[in-house]
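Tertiary structure, described
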Amino acid sequence: MKELTVGIDIGGTNTKFGIVDRQGHVHFQGSIPTTDFEDFKDFFDGMADSLREGIAFVAKGYKVVGIGVGAANGNYYTGTIERATNLKWKESLPLAKMFKDEFGIPCVLTNDANAAAVGEMIYGNAKGMKDFIVITLGTGLGSGFVCNGVLLNGKHGFAGEVGHTLVNPTGRSCNCGKRGCLETYVSATGIKRTVYKLLADHLEPSELRGISFDNLNTKMITEAALRGDVVAKAAFEYTGRILGMKLAETVVHTDPEAIFMFGGLAQAGDLIFKPTIKHMEANIMPLFRGRVKVLPSALSNQAAPILGASSLVWDYLDKHVGETVKV
Ligand SMILES: [Zn+2]
């Protein structure tokens with residue numbers, strides 16, 4: 001019987017899931033609105049019902065062997081989601097245990113950036129690599145570090161929070177409570193803040209002038225830059241410079257073969273990759289110069305978070321081959 005895993009991506013607006021084989025083919029896909037549930041238990045029950053439907057759909061010839069969950073503030077060790085800023089439930093949510101109890105199969109939970117890193121290793125451009133970093137550029141900046149083929153979790157499950165390392169001690173306020181964190185500059189929100197700053201400081205005409213902060217998005221900034229908009233181009237250059245300088249610092253910790261960039265901002269292509277690579281190389285310790293590749297993720301599509309989450313289970317099973325899996 002062929003094996004499948006479930007990948008669940010818990011987002012602030014929607015929770016998406018897919019039932020996936022080892023090659024990364026999604027056999028069934030579903031979603032429920034995260035925001036519709038006041039009570040966490042009701043959300044879980046809704047999710048479990050949808051999942052049962054999916055498992056029944058793929059039942060013929062297949063066996064679902066585990067569940068992987070990627071979520072902001074997901075903790076690999078405890079299997080809980082802790083005080084996620086994007087969810088309304090602020091208590092510690094023991095999701096991995098609840099899925100194990102409900103379905104009688106292993107459940108692995110981690111934060112969304114770590115799930116993306118394992119997804120890249122199992123299905124994506126990091127296949128065969130043992131040392132790499134994945135940077136996810138969404139509303140914030142997440143990162144996952146793989147060293148010697150193993151995802152770094154750290155003592156408390158929070159390893160690799162590059163998004164909250166310092167760029168400027170008197171800089172922009174961050175959601176984490178600090179100032180000047182990388183993600184306040186390099187993320188979908190960060191580049192919007194930069195556009196607004198540039199519009200305030202300069203008088204050049206720009207098609208982005210007059211667009212409200214809430215309506216502005218990465219795609220609009222990308223398209224404006226491609227049309228030659230001076231402010232949009234300057235915003236990408238500034239974002240890439242800050243990211244490149246930070247990556248030059250970051251590589252000395254783990255000596256990666258490659259850094260993969262994932263998410264909406266990464267889809268701007270050369271607009272973000274060129275300045276990032278230029279400033280990384282200009283600031284890197286000479287020993288590393290020309291040796292660390294900066295590449296797009298192979299998982300830059302709709303199914304990526306699901307694939308990332310499902311890959312956690314393959315990784316877990318591969319590392320526990322021959323063991324009786326405790327549920
Ligand atoms: Zn921060």
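See the structure printed just above.
Quick look at the structure, then. (Residues numbered from 1 in each chain as written. Predicted model: local features only at pLDDT ≥ 70, side-chain atom pairs only at ≥ 80, totals over all residues. Heavy atoms only, no water.)

1. Considering the overall build of the protein chain
Note the threshold: Each helix is a run of H or I in the DSSP string that is no shorter than four residues. Each strand is a run of E no shorter than two, and both are numbered from the N terminus. Throughout, radius of gyration means the C-alpha value; the globule benchmark is 2.2 Å times the number of residues raised to the power 0.38. Note on exposure labels: buried denotes an accessible area under 20% of the residue type's maximum, exposed denotes more than 50%, and partly exposed covers the range between, all computed with a 1.4 Å probe on protein chains only. Whether two residues are in contact is decided by their heavy atoms, any of which lying within 4.5 Å being enough. Note on areas: these come from Shrake-Rupley sampling with a 1.4 Å probe, and a residue is covered only by the protein chains present in the view. Positive charges come from Lys and Arg alone, negative charges from Asp and Glu alone, with His and the N- and C-terminal ends not counted. Here the site of a charge means NZ on Lys, CZ on Arg, CG on Asp, or CD on Glu.
Within the protein chain, the regular secondary structure consists of 8 helices and 12 strands. In summary, the protein chain has a C-alpha radius of gyration of 20 Å against a globular reference of 20 Å for 327 residues, a match within 12%. Viewed in the frame of its principal axes, the protein chain has a C-alpha envelope of about 60 × 45 × 35 Å. Within the span of the protein chain, comprising 327 residues, buried residues form 53% of the whole. Summarising the internal contacts of the protein chain: among those between residues at least 6 apart in sequence, 62% fall at separations of at least 24. Accessible surface computed for the protein chain: about 15,300 Å², of which carbon and sulfur atoms make up 53%. In the protein chain, 34 side chains carry a positive charge and 34 a negative one; their mean positions are 4 Å apart.

2. Things to note about the side chain of Lys 246
Test applied: Counted as salt bridges are all cases of a side-chain nitrogen of Lys or Arg within 4 Å of a carboxyl oxygen of Asp or Glu.
With respect to the helices and strands, the residue Lys 246 is situated in helix 6 (residues 230-254). Although Lys 246 lies buried, it forms no salt bridge, and the closest oppositely charged side chain, Glu 249, sits 6.2 Å away as judged by the N-O distance.

3. Remarks on the sheet that holds strand 7 (residues 107-110)
The test is simple: When DSSP locates at least two bridges between a pair of strands, those strands are taken to pair. As a rule, the C-alpha atoms of each element are fitted with a line to give its axis, helices using only the stretch in contact, and angles between N-to-C directions run from 0 to 180 degrees.
Reading across the sheet, the 5 strands line up as 3-2-1-4-7 and stay open at both edges, with mixed pairing between neighbours. A single partner strand is all that each edge strand has here, and the edge strands are strand 3 (26-33) and strand 7. When the angles between neighbouring strand axes are averaged without regard to direction, this sheet yields 15 degrees. The pairing of strand 1 (residues 2-10) with strand 4 (residues 62-71) spans 9 bridges and is classified as parallel. Of the residues in strand 4, the one forming a bridge with Ile 10 is Ala 71.

4. Describing the coordination of the zinc ion
How we decide: For Na, K and Ca the donor cutoff is 3.2 Å, while for all other metals N, O and S atoms must lie within 2.8 Å; water is not among the atoms, so some sites may look incomplete.
Looking at the zinc ion, the protein donor atoms are His 164 (ND1), Cys 174 (SG), Cys 176 (SG) and Cys 181 (SG), and they sit 2.0 to 2.3 Å from it. You can call Cys 174 buried: its relative accessible area is 10%.

5. Examining the packing of aromatic side chains
Basically, it comes down to this: Two aromatic rings from Phe, Tyr or Trp, using only the six-membered ring of Trp, form a pair when their centres are within 6.5 Å; if the ring planes differ by under 30 degrees the pair is stacked, by over 60 it is edge-to-face, and anything between is tilted. Charges are assigned to positions over rings by a cutoff of 6 Å between ring centre and Lys NZ or Arg CZ, combined with an angular limit of 35 degrees from the ring normal.
One pass over the full model with this rule turns up 12 aromatic pairs. An aromatic cluster is defined as three or more aromatic residues linked by ring pairs; in this entry it consists of Phe 37, Phe 40, Phe 43 and Trp 89. Looking at Lys 192, its charged tip hangs above the ring of Phe 213, at a distance of 4.6 Å from the centre.

6. Describing the environment of Val 64
Along the chain, the position of Val 64 falls in strand 4. Looking at Val 64, the relative accessible area reads 13%, which means it is buried. Setting aside its immediate chain neighbours within four residues, Val 64 contacts Leu 4, Val 6, Ile 19, Ile 55, Val 58 and Ile 105.

7. Some points on the environment of Thr 110
Formally: We call two N or O atoms a polar contact when they sit within 3.5 Å, provided that within protein one can donate a hydrogen and the other can accept it, with sequence-adjacent residues counted only if both atoms are side-chain atoms.
Relative to the helices and strands, Thr 110 is located in strand 7. Sequence separation of Thr 110 and Glu 53 is 57 residues, and the distance between their C-alpha atoms is 24 Å. Excluding its chain neighbours within four sequence positions, the residues that come into contact with Thr 110 are Val 69, Gly 70, Ala 71, Gly 74, Tyr 76, Ala 115, Asn 153 and Leu 312. A distance of 3.4 Å separates the side chain of Thr 110 from the side chain of Asn 114, its partner in a polar contact.

8. Some thoughts on unusual backbone geometry
If you check the backbone angles, Asn 148 has positive phi at about 50 degrees while not being a glycine. Relative to the helices and strands, Asn 148 is located in the loop between strand 9 (141-147) and strand 10 (150-151). With relative accessibility at 61%, the residue Asn 148 sits in the exposed group. Not every positive phi belongs to a glycine, and Asp 255 is a case in point at roughly 50 degrees. Inspection of the secondary structure puts Asp 255 in the loop between helix 6 and strand 11 (258-262).

9. Details of the pattern of salt bridges
Summed over all chains, the structure comprises 12 salt bridges. Put simply, Asp 318 and Arg 22 hold a salt bridge, and the shortest N to O gap is 2.8 Å. With a gap of 296 residues between them, Asp 318 in helix 8 (residues 304-319) and Arg 22 in the loop between strand 2 (14-20) and strand 3 connect regions that are remote in the sequence. Asp 318 sits in the partly exposed class, given a relative accessible area of 37%. Note on Arg 22: relative accessible area 37%, which makes it partly exposed. In this structure, Lys 278 engages Glu 237 in a salt bridge whose closest nitrogen and oxygen atoms are separated by 3.7 Å. Separated by 41 residues along the polypeptide, Lys 278 in helix 7 (residues 270-283) and Glu 237 in helix 6 bring together distant segments of the chain. Of the residues examined, Glu 237 reaches a relative accessible area of 33% and is grouped as partly exposed. Each of Asp 49, Arg 52 and Glu 102 takes part in one network of salt bridges that share partners.

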